[in-house]
Amino acid sequence: MKQFVAKYGDAFQAASSVMLTLILTVEQLFSLLPWWLFILLVAGAAWHASRGVILPAVLSGTLLLIGFLGLWDLAIQTLALIVISVGISVLIGVPIGIGLAQNDMARRIVRPVLDAMQTMPSFVYLIPALMLFGLGKVPAVFATVIYAMPPLIRLVDLGLRGVDERLVEAAADLGADNKRRLLDIKLPLALPNIMAGINQTTMMALSMVVIASMIGARGLGEEVLLGIQRLDIGRGLIAGVAIVALAIVFDRITQAYGGQQDAAPR
């Protein structure tokens, strides 16, 4: 491993610089938004997902709770890490899931790897992240992506394999090629499973927040860690409540989008 790092260290350093710039840019964009505008945007997304007023009101109150606890800035840092991690997981995981759904041999090879990734303790992912990228936000994103991506891959594969073959065959009879059948038939029908995968990936990414704080990720996880180190129960508990509040926001919106697609007529 040391030889690998010595040989490719410069490449990893360059990739780390690009990733850190991206993370800091997202943080700054979120920080520039007034708190009330940020809450309105989340409420708008919740309304679009649920087509009701109850969910936007509940999630707005949840975000206001984070502000009342005095943890808004730390929550923004955590939110930026989650958005980047989930975004990378989607960009990598969805194509892999599509590939597994279309290739049985690849599925048999990759499934044991996914099993190992989900079985391995999350602390283990911090070791290669530290060796490749050092301390800070970048290794936290790296470890979070590796830990949180397997459920998305599995559910994309499951959703595509669950599409009614009669619909696919009908599209083929009408002259649709493989690309059109995938984009117009399979992916729309598998969208509830894909949204469930994004939901699970987001929840697992949030569960890495505290662990990632051990390698300098900062954010709400750092507050929990400081509460543990100083035996300050109140400090750790308040930060934990803020993490739960963020989890509720992500969970309710992604579930609402998945339920909306699942309820759509087919």
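If you're wondering where the values come from, they're calculated on a predicted model, not measured in any experiment. (Residues numbered from 1 in each chain as written. Predicted model: local features only at pLDDT ≥ 70, side-chain atom pairs only at ≥ 80, totals over all residues. Heavy atoms only, no water.)

A. Quick peek at the overall build of the chain. Per the secondary structure count, the chain includes 13 helices and zero strands. Each helix and strand of the chain, ordered N terminal to C terminal, gives the series α-α-α-α-α-α-α-α-α-α-α-α-α. Against the 2.2 N^0.38 benchmark of 18 Å for 266 residues, the chain shows a C-alpha radius of gyration of 20 Å, consistent with a compact globule. With the principal axes as the frame, the chain shows a C-alpha extent of 65 × 55 × 30 Å. Classification of the 266 residues of the chain by burial places 44% in the buried group. Counted over contacts in the chain with a minimum sequence separation of 6, partners at least 24 positions apart contribute 77%. (Helix = DSSP H or I, 4+ residues; strand = E, 2+ residues; numbered from the N terminus. Rg over C-alpha atoms; globule rule 2.2 N^0.38 Å. Buried < 20%, exposed > 50% of the residue type's maximum accessible area, 1.4 Å probe, protein only. Contact = heavy atoms within 4.5 Å.)

B. A look at helix α5 (residues 104-119). Taking 1.5 Å of rise per residue, the 16 residues of α5 would be expected to cover 22 Å, and the 23 Å separating its terminal C-alpha atoms lies within 8% of that figure. At Val 110, α5 shows its strongest bend, of approximately 30°, with the proline Pro 112 following within four residues. (Expected span 1.5 Å × (residues − 1). Bend = angle between axes of the 7 residues up to and from the residue.)

C. Spotlight on a nonpolar patch on the surface. Together, Trp 35, Trp 36, Leu 40, Leu 64 and Phe 68 make up a nonpolar patch on the protein surface, roughly 610 Å² of accessible area in all. At the level of secondary structure, the elements contributing two or more residues to the nonpolar patch comprise α2 (35-50) and α3 (54-68). Sorting elements by how many residues they give to the nonpolar patch places α2 first, with three residues. Its place among the elements puts Trp 36 in helix α2. (Patch = residues over 30% accessible without salt bridge, like charges linked within 9 Å, V, L, I, M, F, W, Y side chains within 5 Å. Areas by Shrake-Rupley, 256 points an atom, 1.4 Å probe, with all protein chains shown as cover. Salt bridge = Lys/Arg side-chain N within 4 Å of Asp/Glu carboxyl O.)

D. Representation of the packing of aromatic side chains in the model. On inspection of all chains with the given rule, the structure shows two aromatic pairs. An angle of 90° between the planes, with centres 5.6 Å apart, marks the rings of Phe 38 and Trp 72 as edge-to-face. Here Phe 38, found in helix α2, pairs with Trp 72, found in helix α4 (residues 72-102); they are 34 residues apart in sequence, far enough to count as distant. Look at Phe 38 and you get buried, because its relative accessible area is 10%. Ring pairing ties together the aromatic residues Phe 30, Phe 38 and Trp 72, which thus form one cluster. The lysine or arginine in question, Arg 51, covers the ring of Trp 47, its NZ or CZ lying 5.0 Å from the ring centre. (Phe/Tyr/Trp six-rings, centres within 6.5 Å; stacked < 30°, edge-to-face > 60°. Lys NZ or Arg CZ within 6 Å of the ring centre and 35° of its normal.)

E. Expanded view of the nonpolar core. The biggest cluster of nonpolar side chains holds 73 residues, and the ones touching the most others in it are Phe 38, Leu 63, Ile 66, Leu 160 and Leu 220. Top contributing element to this core by residue count: α4, with 14 residues. The residues contacting Leu 160, other than those within four sequence positions of it, are Gly 97, Ile 98, Ala 101, Leu 182, Lys 186, Leu 187 and Ala 190. (Core = buried A, V, L, I, M, F, W, Y, C linked by side-chain atoms within 4.5 Å.)

F. Spatial organisation of the environment of Lys 179. For Lys 179, the location among the structural elements is in helix α10 (residues 178-207). Considered as a pair, Lys 179 and Leu 71 are 108 residues apart in the sequence and their alpha carbons are 46 Å apart.

G. View of empty space enclosed by the protein. Going through the model one piece at a time under the given rule, you end up with two cavities of 30 Å³ or more. Looking at the largest cavity, its volume works out to about 90 Å³. Taken together, Thr 78, Leu 81, Ile 82, Ser 85, Ala 140, Val 141, Thr 144, Ala 205, Val 209, Ala 212, Ala 217 and Arg 218 make up the full set of residues lining the largest cavity. At the level of secondary structure, the elements contributing two or more residues to the lining of the largest cavity comprise α4, α7 (137-148) and α11 (209-212). (1 Å grid on protein atoms, 1.4 Å probe; cavity = no way out; pocket = protein on both sides within 12 Å on 5 of 7 lines; lining within 4 Å. Points joined across faces, edges and corners; volume = space filled by probe spheres on them.)

H. Representation of the side chain of Thr 201 in the model. By the element assignment, Thr 201 lies in helix α10. Using a relative accessible area of 1% as the deciding quantity, one classes Thr 201 as buried. At 3.0 Å, the side chain of Thr 201 and the backbone oxygen of Ala 148 are in polar contact. Discounting residues that sit within four places of it in the chain, Thr 201 has contacts with Ser 89, Ala 148, Met 149 and Leu 152. (Polar contact = N/O pair within 3.5 Å; in protein donor to acceptor, adjacent residues only side chain to side chain.)

I. Quick peek at the layout of surface pockets. In this structure, the largest pocket occupies an estimated 430 Å³ of space. As for the largest pocket, its lining consists of 19 residues, and the residues nearest its centre are Leu 79, Val 83, Val 249, Phe 250 and Ile 253. Mapped by element, the contributors of at least two residues to the lining of the largest pocket are α2, α4, α10 and α13 (233-263). Ranked by residues supplied to the lining of the largest pocket, first place goes to α13 with six residues. A per-class count over the lining of the largest pocket returns 17 nonpolar, two polar and no charged. If you add up the space inside the second largest pocket, you get close to 180 Å³. Lining of the second largest pocket is provided by Ala 15, Ser 16, Met 19, Ile 88, Ile 92, Phe 133, Val 138, Val 141, Phe 142, Val 145, Ile 146 and Met 149. When residues in the lining of the second largest pocket are grouped by element, the largest group, five residues, is from α7. (Nonpolar A, V, L, I, M, F, W, Y, C, P; charged D, E, K, R; others polar.)

Just distances and angles here, no functional claims.
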